[in-house]
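Examining the three-dimensional arrangement
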Amino acid sequence: MSRPVLATLDLAALGNNLQVVRRAAPAAKVWSVVKANAYGHGLDRIWRALNSTDGFAMLNLEEAILLRERGWKGPILMLEGFFHADELPLFDKYRLTTSLHSNWQIKALQDARLQAPLDVYLKINSGMNRLGFMPERIHTVYQQLNTMPNVATVTLMSHFAEAERADGIATPLARIEQAAEGIDAPRSLANSAATLWHPETHFDWVRPGVVLYGASPSGAWQDVANSGIRPVMTLSSEIIAVQTLKAGETVGYGCRYRAQTEQRIGVVACGYADGYPRIAPSGTPVLVDGIRTGIVGAISMDMLTVDLTPCPQAGIGTPVELWGNGIKIDEVAAAAGTVGYELMCALAPRVPVVTV
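The sections below set out a description of the structure shown in this document. (Residues numbered from 1 in each chain as written. Predicted model: local features only at pLDDT ≥ 70, side-chain atom pairs only at ≥ 80, totals over all residues. Heavy atoms only, no water.)

Brief notes about the overall build of the protein chain
Put simply, the rule is: Only runs of H or I of at least four residues qualify as helices and only runs of E of at least two qualify as strands under DSSP, and these elements are numbered from the N terminus. Burial classification: accessible surface area is computed with a 1.4 Å probe over protein chains only, and a residue below 20% of its type maximum counts as buried, one above 50% as exposed, and the rest as partly exposed. Throughout, a contact is declared for two residues whenever any of their heavy atoms are within 4.5 Å. Values of accessible area rely on a 1.4 Å probe in the Shrake-Rupley scheme; residue burial ignores everything except the protein chains shown. Positive charges come from Lys and Arg, negative ones from Asp and Glu, while His and the chain ends are left out of the count. Charged side chains are reduced to one point each, which is NZ for Lys, CZ for Arg, CG for Asp and CD for Glu.
Each helix and strand in the protein chain was counted, giving 11 helices and 18 strands. Principal-axis analysis of the C-alpha atoms gives the protein chain an extent of 75 × 40 × 35 Å. Expressed as a percentage of its 356 residues, the buried residues of the protein chain come to 55%. Pairs at least 24 apart in sequence give 64% of the contacts found in the protein chain among residues at least 6 apart. For the protein chain, the exposed surface amounts to about 15,300 Å²; the carbon and sulfur share of it is 51%. Each charge class in the protein chain can be summarised by its mean position, and for the 30 positive and 33 negative side chains these summaries are 3 Å apart.

A word on the sheet that holds strand 3 (residues 55–58)
The strands that make up a sheet pair up through hydrogen bonds in the backbone, lying either parallel or antiparallel. Our working rule: Pairing between strands requires that DSSP locate at least two bridges from one strand to the other. The axes used here are C-alpha line fits, helices contributing only the stretch in contact, and every angle between their N-to-C directions lies in the interval 0 to 180 degrees.
One closed barrel accounts for eight strands, arranged 2-3-4-5-6-7-8-9; its pairing is parallel. As paired elements, strand 7 (residues 151–157) and strand 8 (residues 187–190) share two bridges and run parallel to each other. Bridge assignment links M157 to a residue of strand 8, and that residue is S188. Packing against the sheet, helix 4 (residues 61–70) makes contact with strand 3 and strand 4 (76–78), and its axis sits at approximately 175° to strand 4.

Regarding the environment of V296
Counting through the fold element by element, V296 comes out in strand 15 (residues 291–296). According to the relative accessible area criterion, V296 is buried, its value standing at 4%. The spatial distance from the C-alpha of V296 to the C-alpha of G283 is 6.4 Å, given a sequence separation of 13 residues. For V296, the contacting residues outside a window of four places in its chain are V251, Y257, Q263, I265, S282, T305, V306 and D307.

Quick word on the pairing of strand 5 (residues 97–100)
Working note: regular strand, side chains alternate between the two faces of the sheet. To keep it simple, the criterion reads: Note on handedness: a crossover is taken as right-handed if, strands pointing away from the viewer, the path from the first strand over the helix to the second is clockwise.
Residues T97 and S99 point to one face of strand 5 and T98 and L100 to the other, with burial holding for every one of them. By the bridge criterion, two bridges tie strand 4 to strand 5 in an arrangement that is parallel. Bridging across to strand 5, L77 finds its partner in T97. With respect to chirality, the unit in which strand 4 leads through helix 5 (residues 88–93) into the neighbouring parallel strand 5 is right-handed. Across three bridges, the pairing between strand 5 and strand 6 (residues 118–123) is parallel.

Overview of empty space enclosed by the protein
Quick reminder of the rule: Grid points spaced at 1 Å and placed over the protein atoms alone form the basis of the search, with a cavity being a set where a 1.4 Å probe fits but cannot get out and a pocket an open set showing protein on both sides within 12 Å along at least five of seven lines. Lining residues have an atom within 4 Å of a point. Grid points are joined across faces, edges and corners, and a volume is the space filled by probe spheres set on the points. In this count, Pro and Cys sit with the nonpolar residues alongside Ala, Val, Leu, Ile, Met, Phe, Trp and Tyr, while Asp, Glu, Lys and Arg are called charged and the others, Gly among them, polar.
Per the stated rule, a full pass over the model turns up two cavities of 30 Å³ or more. Counted as a void, the largest cavity has a volume near 50 Å³. Residue lining of the largest cavity: Y213, G214, P231, V232, M233, W323, G324, I329 and M344, and that is the complete set. Of the residues belonging to the lining of the largest cavity, the class tally is seven nonpolar, two polar and no charged. Its volume calculated, the second largest cavity comes out at about 40 Å³. Residue lining of the second largest cavity: K123, I124, N125, S126, M128, N129, R130, L131, S158 and H159, and that is the complete set.

Thoughts on the side chain of H101
What counts, and what does not: Nitrogen and oxygen atoms within 3.5 Å of one another constitute a polar contact, given that in protein one can donate a hydrogen and the other can accept it, and given that sequence-neighbouring residues count only through two side-chain atoms.
Inspection of the secondary structure assignment puts H101 in the loop between strand 5 and helix 6 (103–111). The class of H101 is buried, set by a relative accessible area of 13%. At 2.7 Å, the side chain of H101 forms a polar contact with the side chain of S102. Look past the residues within four positions of H101 in its chain and what remains in contact with it is E80, K123, L131, G132 and F133.

Description of the pairing of strand 6
Of all six residues in strand 6, five are buried; the element is thus mostly enclosed. Each parallel crossover has a hand, and the one from strand 5 via helix 6 to strand 6 is right-handed. Direction of pairing for strand 6 relative to strand 7: parallel, over a ladder of five bridges. Bridge pairing in strand 7 places Y121 opposite T155. Regarding topology, helix 7 (residues 138–146) serves as the crossover connection from strand 6 to the parallel strand 7, and that connection is right-handed.

As for the pattern of salt bridges
Put simply, the rule is: In what follows, salt bridge is the name for a side-chain nitrogen of Lys or Arg lying within 4 Å of a carboxyl oxygen of Asp or Glu.
Inspection of the entire model under this criterion finds 12 salt bridges. Put simply, D274 and R3 hold a salt bridge, and the shortest N to O gap is 2.8 Å. Pair noted here: D274 is in the loop between strand 13 (263–268) and strand 14 (285–288) and R3 is in the segment before strand 1 (6–9), with a separation of 271 residues, a long-range link. Exposure remark for R3: the relative accessible area of 27% places this residue in the partly exposed category. Two residues, D167 and R165, come together in a salt bridge whose shortest N-O distance is 2.8 Å. The network of salt bridges with common partners includes R3, D274, D302 and R350.

Considerations on helix 4
Restricting attention to buried positions, one finds in helix 4 the residues L61, E63, A64, I65, L67 and R68. Where helix 4 is buried, its residues contact helix 2 (35–39), helix 3 (43–46), strand 3, strand 4 and helix 5. In the stretch just after helix 4, G71 is the one whose phi turns positive, near 115°.

Have a look at this one:
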C-alpha cells in the first residue's frame, strides 16, 4: 500500500454487536441485514462473523447467490422481493424467502413454475408509504396467498419510519395490529431502533441493520453509548504534509478557512473520492496521534486539512483517525448533516480494506 488511507474492519466487534441485539430481543430470531454490500463493509468480508445469525436479509439477488455459493444454508430474506418475474427460477433454485408488496408480484408468483413453494413475507404499509399493501387489504391478500400452491409459509412484515423516537411506533403499530387482527401468522417488524428501544415490536423476527455495524440508528452515538455496541469500521490515514499559516492566510478551495493567528495545519491523505463527506465543515472532529482536533477548510478530492494546534508534536507520518473507536462515525455524519449509514455505504472502492 503506497497511499496511507485505509479502512479496517473489526470482525469481533461485528459478532459482539449481534450478541447485543440478541440480548435486546432474546425471544426473537434475528435477520442480520447485509444490504448495500453489508452497509459498505463488503458482504464477502464480513458474513462469516455473523454466521451465528438466524438468517440474512438483503436486496440484491447477486449477493444472495454469493452467500449460497460461500456455503450459507440458512434462510435468506429478499427485503424488496423480486424485481422481475424472470428472477423467480433463481429464487426457487437458491431457496430465497421473498417479500411481497405489490399485486404484480403475487400474480407472478402464482404463475411461476417452481420446484417447491417459497416462504413469503407479506408487507404491510404502516404509514411510511414506500412499499406494502394498505392495512385494509391484508386479510384479503393473506387469504389469497394461503390458497396458492407456490406459497409455503406467510409472515407479516412491516417497517417503522420513526422508531428512534420514544413515541415513534404507536401509530404505525396500531395500523399493523388493525391489519393483522385475527391472522395467526409470524411477524417481523423491528428495525435496529425498534429492536433496541421498543420491545413490544419484537415478535418472531427482528431485522437489525446499522446497529450491527456499530452506529446508532438515531444518528446520535450517545443513544447507544451504554449498549455495548462497538464500531466495526475505522477509516484512517496519515499526515503527508504540514503548513504553517500566518494570521489572515487561508487553506483549501474557496478559501473557506482563514487563520486568526499563526497556525500549523496538517494535510491528510483522505478526501471525498475516498468517501469522506465533501460537505463536512471546519470543526468536524478527527483524531491526530490520538488527540481530538478538527477539520479546517474544504474537503478536496484526495486530501483534507486539520488543525494541529492541540497536537504540536504531530508531523509527516503521524496517524489520523477519520472515524472509528475514537471518533464515532455518527459524530462525523452529524457534523456533515447526514447519517452514519451514508458514510459507511459511501466508502470508495479505491480505499484498501483489511479485516482484523
